[in-house]
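Listed below are the residues making up each chain.
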Number of protein chains: 2
Amino acid sequence: MGRVRITLSECRTICRKALQKAGLNEGAIVAITENITAAERDGCRSHGLFRLPGYCLALQRGKASADAVPQVTSVAPSCVLADARGGFSTPATLAGHPLLVEKARATGVAVLLIRNAFHFAALWQDVEPLAAKHGLVAMAFLNSKAFVAHWPGGRRPLYGTNPMAFACPRKTADGSSAGAEPFVFDQACATMARGDITLAAMDGRPIPADAAIDANGQPTIDAALALKGAQLPMAGHKGTSLALMVELLAASFTGDAFAFEAAGEDSSTPTQHGELILAIDPERCSAGGGREAFLNRVEALLQMVEAETQAAEASGRSMRLPSQRRFTTRKKAEEGFEIDEALLRKCQALGESEGDTARL
Amino acid sequence: MGRVRITLSECRTICRKALQKAGLNEGAIVAITENITAAERDGCRSHGLFRLPGYCLALQRGKASADAVPQVTSVAPSCVLADARGGFSTPATLAGHPLLVEKARATGVAVLLIRNAFHFAALWQDVEPLAAKHGLVAMAFLNSKAFVAHWPGGRRPLYGTNPMAFACPRKTADGSSAGAEPFVFDQACATMARGDITLAAMDGRPIPADAAIDANGQPTIDAALALKGAQLPMAGHKGTSLALMVELLAASFTGDAFAFEAAGEDSSTPTQHGELILAIDPERCSAGGGREAFLNRVEALLQMVEAETQAAEASGRSMRLPSQRRFTTRKKAEEGFEIDEALLRKCQALGESEGDTARL
């Protein structure tokens, strides 16, 4: 089978039907449907419909709770706790956002802790709206199951790939930040994405020398041996430090599992971990001039980088700002997006009754 | 000249005399003397007496203010501003710490902005006491003058080496965190330290292939060409993202200079930039169980890493926790430390009157 084109609206319908059939509650259906559709809209395939079967499987197996409604609590003037109560993380994150925003505006900075959640969504979606809709600077830290060795010296998976995400508001030409695309990035502490190593193993392609070790702790370019060994953190000991920091931030405040404690989790379905989101309000947290002065300074830097990016492209060099490709893809998303036909059929089948499925 | 051994007490005396002679105010003398001495105590030579001539030169030239007394202001319930008023950063940071701690304890999380400061100190000292003395989790972000290119695609220095530091409290065997060595790291976003490239150029040694580009934007292993080109961020585009994040966090809230705006600064003396420090109180910012539950979780992870470290060392592999070497060095510091004799003479001469100097 080849690739076919579908619209965002069709993507929403496919998600909704599949999650409904799996028995998920309405609030969570809305949250996850929008999350998957936004990932496809931005060309972030790894967190789009590709994830839908895993969400449904986690519900079928009773791993994630289908009827969990997140509970949001104010635990301190600048701290919010969102308890997902064994459900998926996205509904809990969205449920926690309003109080996080309120607290950041009231005190200057606030923390959102997300606990008891099964994570399967791209982390940038947890911070982008805080910058784009609310004008806040936001950071998120999430651990995962153990894939990455302590380096140098480690021989087995100890840390998660442990993504961190960052979002900073920008202003539009009219001076407001509403509607402006924020500066956003979302990156793991490992050299290479787990999925890319899996694909390389399937294709028999080599991987870079600094991406993984085999089961004996020796660096390897053989992707199949890498999957039986451990991934390496980016930039050696510096990536190890960051991976450790993310473990501590994401899981120590919430009491959720560290990567090494979640080693037995099946990563074809969402895995249970902690998450911490920080939000800083440039209006309150300011050396003077508030939001306006802040946004002007942000433009002073990012417009300089953008000018250099344009100059680089003019001379045939590839240079871009993080998330630039996502925003460019987003602009074209109304035309729909391409998807692997086998994956599409699989996702459609998830939402159909047995009679429907028989027709495929 | 060779190397000689001096005590921490002698180090303090040398610093104090030199800074007094340069006309610095008493509060700043105490802060910088302790900072330099703590760096030597921990074997952090790059930020020890090696920095003393630069501090004095900045005062002689009138670059940094000798009589600036930092001004600390509460700008929001969770935000403190420490204005160094053109003085050095260390007195301003220490002046801001008490209100930062008070606010973090009151609200769960707080931010300290440091502006108008000349930075020359190691960043870990800005966060370690927050964890070690106050039981807070702390992060610090500091930009520097432009040395690092946007990668891939950049051809000239655009970002600072931009260190970030992290500190997390730990507990001692008796269950308290007072006196326990925290988990701390302090690392730049560049592949290689600027000073190490300078040393390689002096010795004619090659540098790693991913550390720098020459003035034409081509990767180079020639350290001399690297100094005329630009350093590279660690881990390619991921290090670029982190360097950008540090610029935005450190300089946008404070209104201080971005790296590219400080390109003309002479880095043999302290340079003027912004800094942001975050402090989170595990007692308030908790999903349940407060500080005690938090410290137990931290130990669950770090004792696991330490056990693996010991196993690695037993089989001849080098593996350690960040800052482990510093704490080991610290335990031996009462015996004094070794210093290059020429540097020692230079530092001693800074504090002596003309008559004294003539005797050397």
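Please read these numbers as outputs of a predicted model, since none were measured by experiment. Within any chain, residue numbers begin from 1 and follow the written order of that chain's sequence. The order in which chains are written sets their letters, starting at A; the order in which ligands are written sets their numbers, starting at 1. In keeping with the predicted nature of the model, local features appear solely for residues at pLDDT of at least 70, side-chain atom pairs appear and are counted solely at 80 or more, and the whole-chain, interface and lining totals rest on all residues. Hydrogens and water are ignored here; the side-chain numbers use all heavy atoms of the structure.

Undergrad: If you had to explain the overall build of chain A to someone new, which residues and values would you point to?
TA: Only runs of H or I of at least four residues qualify as helices and only runs of E of at least two qualify as strands under DSSP, and these elements are numbered from the N terminus. When helices and strands are tallied, chain A shows twelve helices and eleven strands. C-alpha atoms define the radius of gyration, and 2.2 Å times the number of residues to the power 0.38 defines the globule rule. A compact globule built from 360 residues should have a C-alpha radius of gyration of about 21 Å, and chain A, at 21 Å, falls within 12% of that. Based on the C-alpha atoms only, the size of chain A along its principal axes is roughly 60 × 50 × 50 Å. Across the 360 residues in chain A, those meeting the buried criterion constitute 57%. Note on definitions: a residue-residue contact is assigned when non-hydrogen atoms from the two residues lie within 4.5 Å. The contacts of chain A with a sequence gap of at least 6 include a subset with a gap of at least 24, amounting to 68%. Charged residues are defined narrowly, with Lys and Arg counted positive, Asp and Glu counted negative, and His plus the chain ends left uncounted. A charge is said to be at NZ when it belongs to Lys, at CZ for Arg, at CG for Asp and at CD for Glu. Across chain A, 38 positive and 39 negative side-chain charges occur, with their mean positions spaced 1 Å apart. Burial here depends on accessible area, computed with a 1.4 Å probe over protein chains only, as a share of the maximum for the residue type. Under 20% is buried, over 50% is exposed, and the range in between is partly exposed.

Undergrad: Summarise the layout of surface pockets; cite the residues concerned and give the values.
TA: Residue and element names in this part refer to chain A. In this analysis a 1.4 Å probe is tested at points of a 1 Å grid over the protein atoms alone, and where it fits but cannot get out there is a cavity; an open set with protein on both sides within 12 Å along at least five of seven lines is a pocket; lining residues have an atom within 4 Å of a point. Grid points are joined across faces, edges and corners, and a volume is the space filled by probe spheres set on the points. Approximately 580 Å³ is the volume attributed to the second largest pocket. As for the second largest pocket, its lining consists of 25 residues, and the residues nearest its centre are Leu 94, Gln 125, Glu 128, Pro 129 and Lys 133. Counting residues per element, the ones that place at least two in the lining of the second largest pocket are α2 (26-41), α4 (89-107) and α5 (124-132). In terms of residues, the lining of the second largest pocket owes the most to one element, α5, which gives seven residues. Classification used: nonpolar for Ala, Val, Leu, Ile, Met, Phe, Trp, Tyr, Cys and Pro, charged for Asp, Glu, Lys and Arg, polar for all others including Gly. Its residues assigned to classes, the lining of the second largest pocket comprises eleven nonpolar, seven polar and seven charged. Where each domain starts and ends follows an automatic or database-derived domain assignment. Both domains that furnish three or more residues to the lining of the second largest pocket are identified here as domain 1 (1-67 + 324-360) and domain 2 (70-190 + 233-322).

Undergrad: Which residues make up the interface of chain B and chain A, and what values go with them?
TA: On the chain A side, the residues contacting the 77 residues of chain B number 77 residues. For this document, the term salt bridge refers to a Lys or Arg side-chain nitrogen within 4 Å of an Asp or Glu carboxyl oxygen. Taking the shortest distance from any N to any O, the salt bridge between Arg156(A) and Glu308(B) comes out at 2.9 Å. Within 3.5 Å is the distance limit for a polar contact, defined as a pair of N or O atoms, with the added protein rule that one can donate a hydrogen and the other accept it, and that residues adjacent in sequence qualify only through two side-chain atoms. Inspection of the chain B/chain A interface yields 25 residue pairs in polar contact (both at pLDDT 80 or more). Residue composition of the side of chain B that touches chain A, by class: 51 nonpolar, 14 polar and twelve charged.

Undergrad: Which residues make up the relation of the copies chain B and chain A, and what values do they have?
TA: Alignment of the copies relies on least squares applied to C-alpha atoms, considering only residues that score at least 70 for pLDDT in both. Between the two copies, chain B and chain A, the superposition gives an RMSD of 0.0 Å; the rotation angle is 180° and the shift along the axis is 0.0 Å. Each copy turns onto its partner about a two-fold axis. Across chain B, the rotation axis passes nearest the C-alpha of Ala235(B), at a separation of 2.6 Å. A high fraction, 100%, of the interface residues of chain B reappear at the interface in chain A, so the copies pair face to face through one surface.

Undergrad: Residues and numbers for the state of the cysteines, please.
TA: Cysteine sulfur atoms that pair up within 2.5 Å are treated as a disulfide. Scanning the entire structure with this criterion turns up zero disulfides over all chains. No disulfide involves Cys347(A); its sulfur sits 7.2 Å from the nearest other cysteine sulfur, which is in Cys15(A). Cysteine Cys15(B) remains unbridged, with the sulfur of Cys11(B) as its closest cysteine sulfur at 4.4 Å.

Undergrad: An account of helix α2 (residues 26-41) of chain B is requested, with residue identities and associated values reported.
TA: All names here are of chain B. An ideal rise of 1.5 Å per residue puts 22 Å on 16 residues; α2 measures up with 22 Å between its terminal C-alpha atoms. Three or more residues of α2 are buried, namely Ala 28, Ile 29, Ala 31, Ile 32, Thr 33, Asn 35, Ile 36, Thr 37, Ala 38, Ala 39 and Glu 40. Close packing links the buried residues of α2 with α1 (8-21), α3 (52-60), α4 (89-107), α5 (124-132) and β11 (337-340). Between the side-chain oxygen of the N-cap and the backbone nitrogen of Gly 27 there are 3.3 Å, and the N-cap of α2 in question is Asn 25. Residue Gly 43 follows α2 closely and has a positive phi angle near 75°. Here, expected helix span is obtained from the residue count minus one, scaled by 1.5 Å.

Undergrad: Just give me the short version of the pattern of salt bridges, but keep the residues and values in it.
TA: All names here are of chain A. All told, the structure shown has 38 salt bridges over all chains when counted by the stated rule. As a salt-bridge pair, Arg 170 and Glu 306 come within 2.8 Å of each other at their nearest N and O atoms. A residue pair is termed long-range when its members are at least 10 positions apart, and Arg 170 in the loop between β6 (164-168) and β7 (183-187) and Glu 306 in helix α9 (residues 290-314) qualify at 136 residues. A relative accessible area of 10% means that Arg 170 is categorised as buried. Glu 306 sits in the partly exposed class, given a relative accessible area of 26%. Its salt-bridge partner being Arg 291, residue Asp 281 comes within 2.9 Å of it at the nearest N-O pair. Placement of the pair is Asp 281 in the loop between β10 (271-280) and α9 and Arg 291 in helix α9, with a sequence separation of ten residues. The buried category is assigned to Asp 281, whose relative accessible area is 2%.

Undergrad: Which residues make up empty space enclosed by the protein, and what are the values?
TA: All names here are of chain A. According to the stated counting rule, one finds one cavity of 30 Å³ or more in the structure shown. Quantified by volume, the largest cavity comes out at close to 30 Å³. Lining the largest cavity are Ser 89, His 119, Phe 120, Ala 121, Leu 123, Asp 126, Leu 142 and Glu 275. Among the residues making up the lining of the largest cavity, the classes are represented as four nonpolar, two polar and two charged.

Undergrad: Describe in detail the sheet that holds strand β5 (residues 137-142) of chain B, supporting the description with residues and values.
TA: Residues and elements named next belong to chain B. The mixed open sheet is built from seven strands, whose spatial order is β2-β3-β4-β10-β5-β6-β7. At either margin of the open sheet sits one strand with a lone partner, and together these are β2 (71-76) and β7 (183-187). Within this sheet the neighbouring strands show an average axis-to-axis angle of 15°, counted without direction. For two strands to pair, DSSP has to find at least two bridges joining them. Pairing of strand β3 (residues 79-83) with strand β4 (residues 109-119) involves five bridges; the strand directions are parallel. Its bridge partner being in β4, Asp 83 is matched across the sheet by Arg 115. Lines fitted to C-alpha atoms define the axes here, with helix axes fitted over just the stretch in contact, and angles between the N-to-C directions of these axes take values from 0 to 180 degrees. Packed onto the sheet, helix α8 (residues 237-252) meets β5 and β10 (271-280) and runs at close to 100° relative to β5.

Undergrad: Explain the nonpolar core to me, and be specific about the residues and the numbers.
TA: Core analysis: the biggest nonpolar cluster contains 92 residues, and Phe141(A), Phe166(A), Phe141(B) and Phe166(B) have the highest contact counts within it. Setting aside anything within four residues of it in sequence, one finds Phe141(B) in contact with Met139(A), Leu123(B), Pro163(B), Met164(B), Met245(B), Val246(B), Leu249(B), Ala250(B), Gly274(B), Glu275(B), Leu276(B) and Leu278(B). In this structure, Leu99(A), Ala104(A), Val127(A) and Ala140(A) belong to the second largest nonpolar core, which totals 30 residues. Take the buried residues of types Ala, Val, Leu, Ile, Met, Phe, Trp, Tyr and Cys, join any two whose side-chain atoms come within 4.5 Å, and each joined set is a nonpolar core.

Undergrad: I'd like to hear about α5(A), residue by residue, with values.
TA: Counting buried residues in α5(A) gives seven out of nine residues, a clear majority hidden from the surface. Buried within α5(A) we find Trp124(A), Gln125(A), Asp126(A), Val127(A), Glu128(A), Leu130(A) and Ala131(A).

Undergrad: Talk me through the domain arrangement of chain A; I want residue IDs and the actual numbers.
TA: Residues and elements named next belong to chain A. Segmentation of chain A into domains returns domain 1 (1-67 + 324-360) and domain 2 (70-190 + 233-322). Each of domain 1 and domain 2 has a C-alpha centre, and these two points are 24 Å apart. In this complex, domain 1 contributes 28 residues to the contact, which on the side of domain 2 involves 28 residues. The largest per-residue losses of area from domain 1 upon contact with domain 2 belong to Lys 63, Gln 324 and Phe 327, which jointly make up 28% of the total buried on that side. For the pair domain 1 and domain 2, the number of links is five salt bridges. Put simply, buried area is how much 1.4 Å-probe accessible surface two parts lose in total, over both of them, once they are put together.

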